[in-house]
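Analysis of the macromolecular model
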Amino acid sequence: MDKVYAGYENVYSFNGTRLPQVNKTLFFQGLEGLNYLMAETNGTKPGEPRVPGKQQSVISFTKKHLPNINIWRGDGFPAKVFFNGEECTLPTEFTIRVDLQIDQKRLEKSWPKRYQWLAMASKQMRYHRGFSEKAEGRKMVLLGKAKDASLCNGNSCIESERQALLRFKQDLKDPSNRLASWVGDGDFCTWAGVVCDNLTGHVLKLHLSNPFVLSEYPSFSEQEAYERSKLGGKINRSLLEFKNLFYLDLSLNDFEGIPIPSFLGSKQNLRYLNLSEGGFSGMIPHQLGNLSNLQYLDLHSASASKLSVENFGWLSNLSRLEHLDLSGVQLSKASDWLLVLIILKVPFLMDFKTLTSLRYLNLSSNHFNSSKPNWLYNFNHLNYLSLKRNSLVGKISGVLGNLTSINTLDLSYNTLEGKVPKSMRKLCNLRSISFSAVNLNQEISEILDILSVCVSNVLESLDIKSSRIFGEITSQLGQFKNLNTLRLSYNSISGPIPVSLGELSSLKFLDLSYNKLNGTLSEIHFANLTRLLVFYVSENSLTMRVDLDWVPPFQLKVLGVRSCHIGPQFPLWLHSQKFLQHFDISNSRISDTIPIHLFKSPSQYIHVNISHNQLNGEVPNLREATHLESLHLNSNNLSGSLPLISVNMNQLDLSNNAFSGSISHFVCPGLINESNEMRILKVGGNFLSGFLPDCWMNWQNLLLLNLRDNKFSGIVPTSLGTLTSLRSLYLRKNNLSGTIPISLKNCSELLVLDVGENELAGNVASWIGEGFSKLMILNLRSNKFDAVLPMELCHLASLQILDLADNNLSGAIPRCIDNFSAMVTMNSSGNKIEYVYQPHTSYLNLSIQMFLEDALVVVKGKMAEYNTILNLVRRRIPERIGVMKLLESIDFSSNQLSGEIPQSISNLNFLSHLDLSNNLIGEIPSGTQIQSFDPSSFIGNELCGSPLSKSCSERVPTPDYENGREKDGNEDEVEWFYFYVSMAPGFVVGFWSFIGSLLLNRRWRYTYCSFLDHLGHKFCSVVRLFC
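To keep things clear, this report deals only with the structure shown in the data block.

Right, let's talk about the packing of aromatic side chains for a bit. Per the counting criterion, the structure on display carries 18 aromatic pairs. Judged by centre distance (5.4 Å) and plane angle (80°), the rings of Phe 526 and Phe 535 are edge-to-face. Looking at Phe 535, the relative accessible area reads 2%, which means it is buried. Their ring planes at 70° and their centres at 5.1 Å tell us that Phe 583 and Tyr 605 sit as a pair that is edge-to-face. Separated by 22 residues along the polypeptide, Phe 583 in strand E34 (residues 582-584) and Tyr 605 in the loop between E34 and strand E35 (607-609) bring together distant segments of the chain. Accessibility classification places Phe 583 together with Tyr 605 in one group, the buried group. The ring of Tyr 413 carries the charged tip of Arg 389 above its face, separated from the ring centre by 4.0 Å.

Strand order in this open sheet of four strands is E26-E28-E30-E32, and the pairing throughout is parallel. At either end of the open sheet lies a strand with only one pairing partner, and these are strand E26 (470-472) and strand E32 (541-544). Pairs of neighbouring strands in the sheet enclose a mean axial angle of 25°, with direction left out of account.

Scanning the entire structure with this criterion turns up 14 salt bridges. Across the pair Arg 562 and Asp 584 runs a salt bridge whose closest N-O atoms are separated by 2.4 Å. Here the residue Arg 562 occupies a position in the loop between strand E33 (558-560) and E34, and Asp 584 occupies one in strand E34, the gap between them amounting to 22 residues. We classify Arg 562 as partly exposed; its relative accessible area is 22%. A cluster of three or more residues bridged by salt bridges with shared partners is formed by Glu 539, Arg 562 and Asp 584.

Read across the open sheet, the nine strands follow the order E36-E38-E40-E42-E44-E46-E48-E50-E52; overall the sheet is parallel. Across the chains shown, the open sheet's two edge strands, defined by having one partner strand only, are strand E36 (616-617) and strand E52 (808-809). Note that strand E50 (residues 784-787) and E52 share two bridges and pair parallel. The residue bridging Asp 786 from the neighbouring strand is Asn 808, located in E52.

The next thing to look at is the environment of Leu 504. Mapped onto the secondary structure, Leu 504 falls in the loop between strand E28 (492-495) and strand E29 (509-511). For the pair Leu 504 and Lys 481, spaced 23 residues apart in sequence, the C-alpha separation works out to 5.2 Å. The contact partners of Leu 504, leaving out residues within four places of it in the chain, are Leu 477, Gly 478, Phe 480, Asn 528 and Leu 529.

What the rule picks out here adds up to three disulfides. In this model, Cys 189 is linked to Cys 196 through a disulfide, with the two sulfur atoms separated by 2.1 Å. Judged by the sign of its S-S torsion, about -100°, the bond between Cys 189 and Cys 196 is left-handed. Owing to a relative accessible area of 8%, Cys 196 belongs among the buried residues under this scheme. Two residues share a disulfide in this structure: Cys 668 and Cys 695, whose sulfurs sit 1.5 Å from each other. Residues Cys 668 and Cys 695 share a disulfide whose torsion about the S-S bond is about -75°; that sign makes it left-handed. Of this pair, Cys 668 sits in the loop between helix H7 (664-667) and strand E41 (680-682) while Cys 695 sits in the loop between strand E42 (687-691) and strand E43 (704-706), and the two are 27 residues apart along the sequence. Given the relative accessible area of 11%, Cys 695 is considered buried.

A few words on the environment of Pro 218. Tracing the backbone through its elements, the reader meets Pro 218 in the loop between strand E11 (203-207) and helix H3 (220-228). Spatially, the C-alpha atoms of Pro 218 and Gln 581 are 9.5 Å apart, while their sequence positions differ by 363 residues.

In this section: the side chain of Ser 386. The topology assignment puts Ser 386 in strand E20 (residues 384-386). Contact partners of Ser 386, with chain neighbours within four places excluded, come to Leu 361, Asn 362, Leu 363, Ser 364 and Asp 410.

A few words on the pairing of strand E38 (residues 637-640). The two faces of E38 differ: Leu 638 and Gly 640 on one face are buried, but Asn 637 and Ser 639 on the other face are not. In the sheet, E36 pairs with E38 via two bridges, with the strands oriented parallel. Along E38, the bridge assignment pairs Gly 617 with Leu 638. Where E38 lies against strand E40 (residues 658-661), two bridges are found, and the strand directions are parallel. Directly across from Gly 640, in E40, lies its bridge partner Phe 659.

In terms of burial, H3 is a largely internal element, seven of the nine residues being buried. Among all positions of H3, only Phe 220, Glu 222, Gln 223, Glu 224, Ala 225, Tyr 226 and Glu 227 are buried.

Below, the discussion takes up unusual backbone geometry. At the junction of Gly 567 and Pro 568, the peptide bond is cis and its omega measures out at 15° in the coordinates. Structurally, the position occupied by Pro 568 is in the loop between E33 and E34. Here Tyr 413, not a glycine, exhibits a phi torsion of approximately 55°, which is positive. Looking at the secondary structure, you find Tyr 413 in the loop between strand E22 (408-410) and strand E23 (415-417). We classify Tyr 413 as partly exposed; its relative accessible area is 29%.

A surface patch of nonpolar side chains, about 380 Å² in accessible area, is lined by Tyr 1008, Phe 1011, Leu 1012 and Leu 1015. Take Phe 1011: it is sitting in helix H11 (residues 1002-1026).

Moving on, we come to the environment of Glu 277. Position of Glu 277 relative to the elements: it lies in the loop between strand E14 (272-274) and strand E15 (282-283). Taking the C-alpha atoms as reference points, Glu 277 and Lys 306, separated by 29 residues in sequence, lie 9.9 Å from one another. Here Glu 277 is in contact with Ser 251, Leu 252, Asn 253, His 300, Ser 301 and Ala 302, once residues within four sequence places are set aside.

With respect to burial, helix H6 (residues 444-452) is a largely interior element, seven of its nine residues being buried. Regarding H6, the residues found buried are Ile 444, Ser 445, Ile 447, Leu 448, Ile 450, Leu 451 and Ser 452. Tucked inside the fold, the buried residues of H6 contact strand E24 (432-434), strand E25 (461-463) and E26.

Parameters and conventions
- Residues numbered from 1 in each chain as written.
- Predicted model: local features only at pLDDT ≥ 70, side-chain atom pairs only at ≥ 80, totals over all residues.
- Heavy atoms only, no water.
- Phe/Tyr/Trp six-rings, centres within 6.5 Å; stacked < 30°, edge-to-face > 60°.
- Buried < 20%, exposed > 50% of the residue type's maximum accessible area, 1.4 Å probe, protein only.
- Helix = DSSP H or I, 4+ residues; strand = E, 2+ residues; numbered from the N terminus.
- Lys NZ or Arg CZ within 6 Å of the ring centre and 35° of its normal.
- Pairing = 2+ DSSP bridges.
- Axes fitted to C-alpha atoms, helices over the stretch in contact; angles between N-to-C directions.
- Salt bridge = Lys/Arg side-chain N within 4 Å of Asp/Glu carboxyl O.
- Contact = heavy atoms within 4.5 Å.
- Disulfide = S-S within 2.5 Å.
- Patch = residues over 30% accessible without salt bridge, like charges linked within 9 Å, V, L, I, M, F, W, Y side chains within 5 Å.
- Areas by Shrake-Rupley, 256 points an atom, 1.4 Å probe, with all protein chains shown as cover.

Here you go:
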């Protein structure tokens, strides 16, 4: 009694009575009022104490050794055991515990004094730890450290399981050596992840899920450790050796797209199977339907394209299933999905008994595209239901109120619309609600009214972000005392935040960002928020006013107050936050210096954003800030030299400040071969000067390097070519000279190459077109490049921005310009370059989106920002320019273009900037977009038509075209035109000049006729000679 948990003493107080008239039968009766045969309840409901469930329904007693009783024969053990009227299942193997190392002969002579016997209560417990349903064939099993003891027929069955484990390990990839203990002849029940039966020694459970637990906001090092902890490889069939295995967890690993082994369907004792996020792909094997004892099945996948279902017939056999998670699995491929929907609507059809046991159902990210989800609302026994991201359409139905047992309901990210139904007032078990990205179009006060009827004291999570919620948050919010998560971001909630927010003493996560909130936040708003960990109110018109010496009652991990008014002083209360890891106080009107203690505080900052303020002074040395991974100080007034940084930092943005001097100490800190983790480095828009150092080989992880708009001089260093992972290189607007080094062709992953506005010279290298197949932006403008453009540029099929203006280029633009298919094809990804930074992880993507703010080009002498531009020099505008449907800017100014404007240009519906200042003639093509431009876009031409005031009624005839194409589009067509035009008068003048002289002069006429007679005789002589 002294070893049991508090509150369980009475559970073990049994009234056992031996009935003499019923030989070898024992009856037990539990205490009155307690139900021992059902699952344990945790006592959270009022008046409902904790009572044992099936895990505790085991009768255990010990038997002393008595004379004349042969334990080996089974003497002294009951034939039947009844508990509260239910017959217990008896074990087939009795256990004798042996604690001494003895051989077989000594064992037969030396009996232990106590024997332990277990019996199971209720029919529901017949599957517990290898106990079979039948009592015949009982035998004794010895456990312990008995040397040479005969265990399970000469120890062969246990040894076979050891060998099966070793074979299973042999086919696995284990980069972190998680299974290092799986070696030798020791007790394999102590191996990592292996759980054995305490009595028989057989393997019962394999816990091989990724053991590394990521924090809610993991650092880069945590992510890498998590990835290293993943198992991979293949699943060996040796799993079939574990006859008693009822628990298998291979989740959160990476089996690299192999299919789920169909032989798992042979493990009919399995009650728990978790393969979620395991990296499996392909069809879910229908053999899983043979697992008739299965109670828990989790196959969810982060990517909907990895796993799919061919049909659902196998699911109908899982009659004991309580937990089913198929989120992210492609269920829409199933040919019988419509039938399943019918079955789901009428659970008793076709003997689909699985659903009568189901308590947990997760079908998120399956894209059913169903008109209404009413077919699932009949499951009033469900505790958990998630239909997130399923393209469900229609109005939210009032039959939600039928889910009377539900405690977690997630309908987020569907195309549902309508208000939160009033019938939800009946859902008194609700603990978590998510209607995010559902078009509720409802006042927040109305939603709080509905929920306050029944769940105001028990609701733990409310997530309705991006749901078109409007109105003001009322003081009614303070009634939800148990609320720990509140997400209301990306709505149109207005007005002040009520002071009743400070009454939510259980609140841990608060996100009110991207609304229309205003007013002041004071200390009273945070009075009782002692558990608050995450606080987001970014992009509101809020002002935070607290005393300078204010010490908050909470300890935050994440703070986001971007675009709120916090300044002018730097918030000193941040120094009290000992666990703060991520904070964003950008654009918060702070006009101060960076506190000396900021990066020396007890907090181990990971991500810091203080950009777009008026910070001044210098940045302290960050060499010792080893936990800092991301720092954004851009768009301030910081000065001095660039600070030294930790090698662990992976994002640094110091752009648009007043830093000056050389960067040699920053790029080449003096430590030989010291590599770092930097991925994103932006120091553009400063006053940095000197040569670019040539030691970039230590920055191998760089994805983006932005050095634009500084005063760097000298040549482009060749070591930049060692950055093989580089995606974007910005060197624009410096004083760099020389040529583009050929070593850059090693950077084959480049998406952006911007070296405009420098003093670079030489040819445009052909390897730019050959080696940069992914290039989207190429800016070479305002340099000294000469010669002709190489044909290899036509290989840049992904090119969206090409700027070659203001150089010394000659010759013709290659006619294969229409190979720039990215300017022709509509792309669903939009006009952005997205850096998905995944060192080793698929669990968490740290994405930095760069919306082409650096893709600056010049139109009519003004620097502007564009997503797609074509700026070329050519004799004629290409007739097929209209196929480049994504063009937003055309600049053909200051060139020697001639001819007409092609009619196809009117197809450019996205065109927002146009400059055709050249020698063009003819009529301006008709089209709504073209006619919307100012007449200044057509200056310097002989054009007519709208938007010009000049009419085309007396325009000069233009060159002929056939079938919408030019007869000759090369650079010599003008010369050919004048040749044909001048040929007729030339022929006339030449003919009459010759013939006229013969007619006027007789002597010339006789001489010319004699010459022709002589020439005729010569010709006849030659003919006779060869005939």
